[in-house]
Amino acid sequence: MSVSTIVPWVIGNWKMNPATADVQKWAQQFNQCLQLAPIAQQQCNIAVAPTYLSLISLKENFTGYNRTVHVVAQDVSRFPGTGAYTGDISAQLLQDAHVSYVLVGHSERRELLGDDTQILCAKIKHALDAGLTVVYCVGESLAQRENGEAEAVVLQQVKDIVPVVSADQWEDRIIIAYEPIWAIGTGKTASADDAQAMHAKIREGLKQITAASDRVAILYGGSVKPENAADFAACPDINGALVGGASLSATSFYKIAASFAGKK
Ligand code: PGA
């Protein structure tokens, strides 16, 4: 168990939602929540991952806020720089657009969109080389959990990226998000105790990899809602949340951020 000094992260993953017209409304509502009851920067880092289409406009919407709200790309090309890669957006192009965070390894990309370990490592390497911070998602399937393999699977997913992350990058440039696949978008959550147990194992695993294991943020994701956020926030090794469905509502997302802010 770690006594954490990590400022929590609450990150909204909008996936292939919503329509661009709704984005501005969301930003206005979220800003209103923050004005009514501010969440200080040092209490909680807040970030949102919209589609590429809204990334820049959302970033601009956030500039009038009384605090920083980061934008996060949902993906990045496995190829660096610029070139003939139709449809792709490289880490350099994101950095050039002042987008400094990217999700890599989400289970939907692993399962539905062909992102294997080699591709994920290429994405992470180029993202880190370009100066981005990576939110790296790991998590076991229901079958793996039922077979008692959850811990081994998750720890292996963490080890998979060791070749492309240098010792000094673990603390500031990698955020880990533990998302059991069976809890994503299903309404089923891991219990706070089960999630804490896995987070503690991940942190233990990180000890073999980096001297900064106590300073790596490990977020929980999988049906996090305003109703259960405080339970996760109370766990010593859970340093925030990656929120899908509930982040589409500005007020729900705000409440989740407020729960984690209350932890500090
Ligand atoms: P969910 O999604 O909160 O809708 O379960 C989490 C995620 O996929 O990041």
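Our structure is the block above this text.
Residues numbered from 1 in each chain as written. Predicted model: local features only at pLDDT ≥ 70, side-chain atom pairs only at ≥ 80, totals over all residues. Heavy atoms only, no water.

With respect to the layout of surface pockets
Volume-wise, the largest pocket comes out at about 520 Å³. Along the wall of the largest pocket there are 22 residues; nearest its centre are Tyr52, Gln74, Asp75, Arg109 and Leu113. Counting residues per element, the lining of the largest pocket draws most heavily on helix H4 (residues 107-112), at three residues. Across the lining of the largest pocket, the residue classes tally to eight nonpolar, six polar and eight charged. Here the second largest pocket defines a volume of roughly 220 Å³. Residue lining of the second largest pocket: Thr5, Ile6, Trp9, Tyr101, Thr133, Glu171, Asp172, Ile174, Ile175, Arg215, Val216 and Ala217, and that is the complete set. (1 Å grid on protein atoms, 1.4 Å probe; cavity = no way out; pocket = protein on both sides within 12 Å on 5 of 7 lines; lining within 4 Å. Points joined across faces, edges and corners; volume = space filled by probe spheres on them. Helix = DSSP H or I, 4+ residues; strand = E, 2+ residues; numbered from the N terminus. Nonpolar A, V, L, I, M, F, W, Y, C, P; charged D, E, K, R; others polar.)

Brief notes about the sheet that holds strand E6 (residues 174-178)
With parallel pairing, the eight strands of this closed barrel are ordered in space as E1-E2-E3-E4-E5-E6-E7-E8. Across the sheet, the mean angle separating the axes of adjacent strands is 25° when strand polarity is ignored. Of the strand pairs in this sheet, strand E3 (residues 70-73) and strand E4 (residues 101-104) are connected by two bridges, and their pairing is parallel. By the bridge assignment, alanine 73 is partnered in E4 with valine 102. Here helix H2 (residues 52-61) sits on the sheet and contacts strand E2 (45-49) and E3; the angle it forms with E3, its principal contact strand, is near 165°. Relative to the sheet, helix H11 (residues 250-261) contacts strand E1 (9-13), E2 and strand E8 (240-243), its axis offset from that of E1 by approximately 160°. (Pairing = 2+ DSSP bridges. Axes fitted to C-alpha atoms, helices over the stretch in contact; angles between N-to-C directions. Contact = heavy atoms within 4.5 Å.)

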